[in-house]
Amino acid sequence: MTKPFILATALMAATALTTPAFAQTVLRLDEVAVGELDPAKASDYADSILMFNVYDTLVLPRQGGPGYEPHLATGWEVDGATYTFTLRDDVTFQSGNPLRAADVVYSLDRMHEIGQGLSFLFPDVEAEAIDEHTVRFTLAEQNAPFIASLVRLPIVDQVLVQEQATDDDPWAEAYLSGTAAGSGAYSVTSHNPQELTVMALNDGYFLPINDAAPDQVRLRYSLESATVRTLLAQGEHDISSQWLPPEVMRALAANGAQMFTESGTGAFYIKLNTARAPLDDVNCRQALAHAFDYGTALQMVAITDDVSSGSPSTGAVPVGMFGANAPEMALTRDLDAARAYLAECPTAPEDFNLEISWIAEVPVEERFALLMQANFAELGISSSIATLPWALFTERVANPENTPHISQIFANAVTGDPDTLLYNMYHSSTPGTWQSPEYLSDAQVDEALEAGRRGPSDEEREAAYSALNARLMELAPTIYAYDRQSVFAASNRVHAPALSDPAMAFGVDGVGFTFRLMEMTGE
């Protein structure tokens, strides 16, 4: 080797040590398992984060206000029960295939045929491709929430998916369980639904991407709260799930973590199994609803003086939605009323033997179970507490005899419309899911829910949901603990306007985690 070559090599090595590397920015966050990647099966919060980044929909909720705006569509026309959408002509899937009206038709057909996830949003809806960029939806009847529902119809790449289909798997479910076929701003590079999904920025996306958006996203599932707290403190994590215990959130806030919030339209629901004694009697249920300590429940979810995971419930319909009671009509504990109802209950308090369940992956629910047990004990009501992993809970509620007397769920309107919050909880045609362990069957409730779907005017929908609210409060199938707000602890190296500025917020669960709108500050 010559001396000039040796000097040049040394100079290059020194330069490599002193010149900043243009490393990829990485966003690290976690959620409760499992992460369902198949658009026809996605339904939970982690699934929503995946869907709104890997796939696109015809419409999106308007940022900073109510209503919906075109996304893959450029606009639409409504004629009674017929909706005609014009598609953008500049969108390609991550495979390179162009977006066509046929992809929209295929996506709806696939969701119908698989019949899982949020397919219930599209009953009796047919789609047809009028031409390459025009698709028409025909509904069995006028349906006021239909436009809102389309925010939950991710559009898949028909050509790619059909290439992966087989006779035994005609809809390529095996393929889409681990691989994406979308047009979104992020592509999936690896996916384990129990552990980790890794996503990479799609440079060919059809809309602008923030210059400081993360190059890579690592979404982990079911981390222990202690692990999340340690990782955030060490600068090795960026955004927690919303399920951290309040005292962990408070400690993180005290140590300088940001508190991101997402205000959906939902609540914390304590579900009462109306098909199983003694809660098959309305007086027994009313006794529990009046004995519950709403004030303490709210104190349990307060994080700081300014941030809380809950606000006072006023009834079955969350404040701000059609049919809700006024904020000043907050529910409060009334032991005298509870005792009066209990006197009319055919079961003696000591014979209740209630099973109060809580979801193992959501530790804050254990505290509510203990609160209920103490509240009900003041009336002499006996109970026991059962811990149920999510998978076991969803299995048990499929049958009324196996469903616990009392279940706990957090739920938001998946489209931002009250129909998607309440119809599948309370309509008599939809029992036996995680949303509907009450097994309620009531003609007046059904009629109010159906009237809410018909609309079409805001005034008609307000009247329908007001009637629904009154009837549900009369029947007491649920204890409406509080209206909810999702809170996430975050490091200072990530800026997310949709989760920190109400003027930039979306009104649908998960859309605030649109990664292309975030910024990695590098701090």
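Residues numbered from 1 in each chain as written. Predicted model: local features only at pLDDT ≥ 70, side-chain atom pairs only at ≥ 80, totals over all residues. Heavy atoms only, no water.

### Brief notes about the packing of aromatic side chains
The way to describe two aromatic rings as a pair is by their centre distance and the angle between their planes.
Part 1 of the argument: Applying the stated criterion to the full structure yields 19 aromatic pairs.
Part 2 of the argument: Each ring, one from Tyr106 and one from Trp171, has its centre 5.4 Å from the other, and the planes form 40°; the classification is tilted. Of this pair, Tyr106 sits in helix α3 (residues 101-114) while Trp171 sits in the loop between α5 (158-164) and α6 (173-176), placing them 65 residues apart in sequence.
Part 3 of the argument: Relative to Tyr480, the ring of Tyr269 lies with its centre 6.0 Å away and its plane at 85°, an arrangement referred to as edge-to-face. Of this pair, Tyr269 sits in strand β12 (residues 266-272) while Tyr480 sits in strand β17 (residues 478-484), and the two are 211 residues apart along the sequence. (Phe/Tyr/Trp six-rings, centres within 6.5 Å; stacked < 30°, edge-to-face > 60°. Helix = DSSP H or I, 4+ residues; strand = E, 2+ residues; numbered from the N terminus.)

### Some remarks on the environment of Val362
Part 1 of the argument: In this structure, Val362 sits in the loop between β14 (354-359) and α12 (364-377).
Part 2 of the argument: A relative accessible area of 8% means that Val362 is categorised as buried.
Part 3 of the argument: C-alpha separation for the pair Val362 and Val32, spaced 330 residues apart in sequence, amounts to 8.3 Å.
Part 4 of the argument: In contact with Val362, other than residues within four places in its own chain, are Trp243 and Phe410. (Buried < 20%, exposed > 50% of the residue type's maximum accessible area, 1.4 Å probe, protein only. Contact = heavy atoms within 4.5 Å.)

### Observations regarding the nonpolar core
Part 1 of the argument: Within the largest apolar cluster, 80 residues are counted, with the highest numbers of intra-cluster contacts made by Leu58, Phe85, Phe137, Leu150, Ile239, Phe513 and Phe515.
Part 2 of the argument: The element best represented in this core is helix α2 (residues 45-54), accounting for 7 residues.
Part 3 of the argument: In terms of nonpolar packing, the next biggest core, distinct from the first, is built from 63 residues, Leu272, Val317, Leu371 and Leu422 among them. (Core = buried A, V, L, I, M, F, W, Y, C linked by side-chain atoms within 4.5 Å.)

### A short note on the pairing of strand β6 (residues 125-131)
Part 1 of the argument: When β6 meets strand β7 (residues 134-139), the two strands line up antiparallel, connected through 6 bridges. When the bridges of β7 are listed, Glu126 appears paired with Thr138.
Part 2 of the argument: Once β6 ends, the chain turns through 2 residues before running back antiparallel as β7. (Pairing = 2+ DSSP bridges.)

### What to know about the sheet that holds strand β9 (residues 196-201)
Part 1 of the argument: Ordered by their spatial adjacency, 4 strands build an open sheet running β1-β10-β9-β8, and the pairing between neighbours is mixed. The outermost strands of the open sheet, each flanked by one partner alone, are β1 (26-31) and β8 (186-192). This sheet shows a mean twist of 20° between the axes of neighbouring strands, independent of strand direction. (Axes fitted to C-alpha atoms, helices over the stretch in contact; angles between N-to-C directions.)

### Thoughts on the environment of Asn97
Part 1 of the argument: The topology assignment puts Asn97 in the loop between β5 (82-87) and α3.
Part 2 of the argument: Sequence separation between Asn97 and Leu160 is 63 residues; the distance between their C-alpha atoms is 8.1 Å.
Part 3 of the argument: The residues touching Asn97, leaving out its near neighbours within four places in the chain, are Thr92, Asp157, Val159 and Leu160.
Part 4 of the argument: A distance of 3.0 Å separates the side chain of Asn97 from the side chain of Ser95, its partner in a polar contact. (Polar contact = N/O pair within 3.5 Å; in protein donor to acceptor, adjacent residues only side chain to side chain.)

### Details of helix α16 (residues 458-475)
Part 1 of the argument: Along its 18 residues, α16 runs 26 Å from first to last C-alpha, staying within 8% of the 26 Å computed at 1.5 Å per residue.
Part 2 of the argument: Within α16 the residues assigned to the buried category are Arg461, Ala464, Tyr465, Leu468, Asn469, Arg471, Leu472 and Leu475.
Part 3 of the argument: Structurally, α16 contributes buried residues whose contacts are with α9 (282-291), α14 (418-426), α15 (443-454) and β17.
Part 4 of the argument: Where α16 terminates, the next one or two residues include Ala476, which has phi positive at roughly 50°. (Expected span 1.5 Å × (residues − 1).)

### Structural notes on the state of the cysteines
Part 1 of the argument: By the definition in use, this model includes 1 disulfide.
Part 2 of the argument: Residue pairing for Cys284: its cysteine sulfur links by disulfide to Cys345, the two sulfurs lying 1.9 Å apart. The sign of the S-S torsion, about 85°, decides the handedness of the disulfide formed by Cys284 and Cys345: right-handed. Note that Cys284 is positioned in helix α9 and Cys345 in the loop between α11 (335-344) and β14, a separation of 61 residues in sequence. Both residues of the pair, Cys284 and Cys345, count as buried. (Disulfide = S-S within 2.5 Å.)

### Things to note about the confidence of the model for the chain
Part 1 of the argument: With 95% of its residues at a pLDDT of at least 70, the chain reaches an overall mean of 92.
Part 2 of the argument: Counting interchain partners and residues more than four positions distant, the pLDDT-below-50 stretch residues 1-22 has 1 contact. (pLDDT = per-residue confidence, 0-100.)

### What about the sheet that holds strand β4 (residues 73-79)?
Part 1 of the argument: The antiparallel open sheet is built from 4 strands, whose spatial order is β4-β5-β7-β6. What marks the edges here is a single partner per strand, and that holds for β4 and β6. Looking at each pair of strands side by side, their axes are set apart by 20° on average, direction ignored.
Part 2 of the argument: Where α3 meets the sheet, it contacts β5, β6 and β7, and its direction lies at approximately 165° from that of β6.

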